[in-house]
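Structural overview
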Amino acid sequence: ARALTPQTAETDAIRFLIGTQSLRYDNQIHIIDFDDENNIINKNVLLHQVGEIWHISTSPADRGVLATCYNKTSDSKVMTCAAVWRMPKELESGSHESPDDSSSNTQTLELLCHLDNTAHGNMACVMWEPMGDGKKIISLADNNILLWDLQESSAEAVLSSSAALEGKGQLKFTSGRWSPHHNCTQIATANDTTVRGWDTRTMRQIYCIENAHGQLVRDLDFNPNKQYYLASCGDDCKVKFWDTRNVTEPVKTLEEHSHWVWNVRYNHSHDQLILTGSSDSRVILSNMVSISSEPFGHMVDDDELSDQEDQHQEEKVKEPLQDSVIATYEEHEDSVYAVEWSSADPWLFASLSYDGRLVINRVPRALKYHILL
């Protein structure tokens, strides 16, 4: 398996979706519900009969809707396609009941629509408009950015605009992220060693970071609380943080992994917490305080201080806190292709390795209280 996503529209129950990647069998989507109080994982399985799943993403507005990118063989050629699906009603929201044995026969996803890319090439990923009503999605296919409008009840996808990468050679997008800032009018894409920003209204490029990494860029993520900040990671084993207003140099670079870094994720609530997963089989949780939205820690209100404390406090506050690696998780024995934060619990995250092992971890308690108190 290499596809993992939290169920974005589910903010009460801790829930992740995993897509399998098997050549020989029908592929499946596993719905993983984590019961925090009893430390139990419940699993439901949906059949995904169209092919091995390379990427999975969920609607921010509708718990039952998701999109997958999958391989399909036609005329002895392999194509990566994308489609939007609905899961059965009874599985839409996270529940703590484990399925009865009698009813745990596998159910099938309902196809809502294909994102028809026959003219555009292989799909790399599908992104939902982060704050949207679940009707706008962008897919990246080879060197094309395609903006789709999902029509009534998502039964049809209409291509509303597109843009293409131009240049020499076989240009192909590897991944992309939709920025939650600027009224959701910007996306960032990765192709080869380059990171580009695009305006979704004009479909024009707004910034370009050439040679952002020494080798292929694998993944991107936007800081949820600081609007110009973007993280990237790649095959040069590095994670880099950029301010998109000045892209000549990264603001910060992390060099903790010893192999390709497949994934980088900002915590949605506390943007100093950064998760990365790599083919070195490790997941690393870093505390990047100096470039977070609270670089000086908890800001102290004037009312909280008496006059003589004032002087000391100002001296104390000005020094940014130190960046550090908090923990390295080594429970995987294979390449970690995906790491994701839970959309319901900001202190909980999941990681997935190619051998199909899913590990759920939480931020160390000491750090959690340090951030909160």
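Parameters at a glance
Residues numbered from 1 in each chain as written. Predicted model: local features only at pLDDT ≥ 70, side-chain atom pairs only at ≥ 80, totals over all residues. Heavy atoms only, no water. UniProt positions renumbered as here; feature names shortened; annotations may be inferred. Helix = DSSP H or I, 4+ residues; strand = E, 2+ residues; numbered from the N terminus. Rg over C-alpha atoms; globule rule 2.2 N^0.38 Å. Buried < 20%, exposed > 50% of the residue type's maximum accessible area, 1.4 Å probe, protein only. Contact = heavy atoms within 4.5 Å. Areas by Shrake-Rupley, 256 points an atom, 1.4 Å probe, with all protein chains shown as cover. Lys, Arg positive; Asp, Glu negative; His and termini not counted. Charge placed at Lys NZ, Arg CZ, Asp CG, Glu CD. Pairing = 2+ DSSP bridges.

Per an unreviewed UniProt entry, the chain carries the name EIPR1 protein and comes from Caloenas nicobarica. Looking at the chain in UniProt, the text filed under Sequence similarities (unreviewed entry) is "Belongs to the WD repeat EIPR1 family."

The subject of this paragraph is the overall build of the chain. Secondary structure summary: the chain contains two helices and 28 strands in total. By the compact-globule yardstick of 21 Å for 373 residues, the chain fits well, its C-alpha radius of gyration being 21 Å. Its C-alpha atoms put the chain at 75 × 55 × 40 Å along the principal axes. The buried share of the chain, reckoned over its 373 residues, is 53%. Sequence-distant contacts in the chain: of pairs separated by 6 or more residues, those separated by 24 or more amount to 50%. Carbon and sulfur atoms make up 43% of the accessible area of the chain, which amounts to about 17600 Å² in all. A gap of 6 Å separates the mean positions of the 31 positive and 56 negative side-chain charges of the chain.

What follows concerns the sheet that holds strand S2 (residues 14–19). Strand order in the open sheet formed by five strands is S1-S2-S3-S4-S8, and the pairing between neighbours is mixed. Two strands bound the open sheet, and with one partner strand each, they are strand S1 (3–6) and strand S8 (107–108). In this sheet, strand S3 (residues 27–35) lies alongside S2 in antiparallel orientation, the contact comprising six bridges. When the bridges of S3 are listed, Ile18 appears paired with His30.

On to the pairing of strand S23 (residues 273–278), then. A large share of S23 lies buried, amounting to six of its six residues. Alternating positions in S23 separate into two faces, Leu273, Leu275 and Gly277 on one and Ile274, Thr276 and Ser278 on the other, with burial throughout. In this sheet, S23 lies alongside strand S22 (residues 261–266) in antiparallel orientation, the contact comprising five bridges. Looking at S23, one finds that Asn263 is bridged to Gly277. The hairpin formed by S22 and S23 contains six residues between the paired strands. Here S23 pairs with strand S24 (residues 283–287) via five bridges, running antiparallel. Bridged to Thr276 within S24 is Ile284. Where S23 hands over to S24, the hairpin turn is made up of four residues, of which Ser281 adopts a positive phi near 70 degrees.

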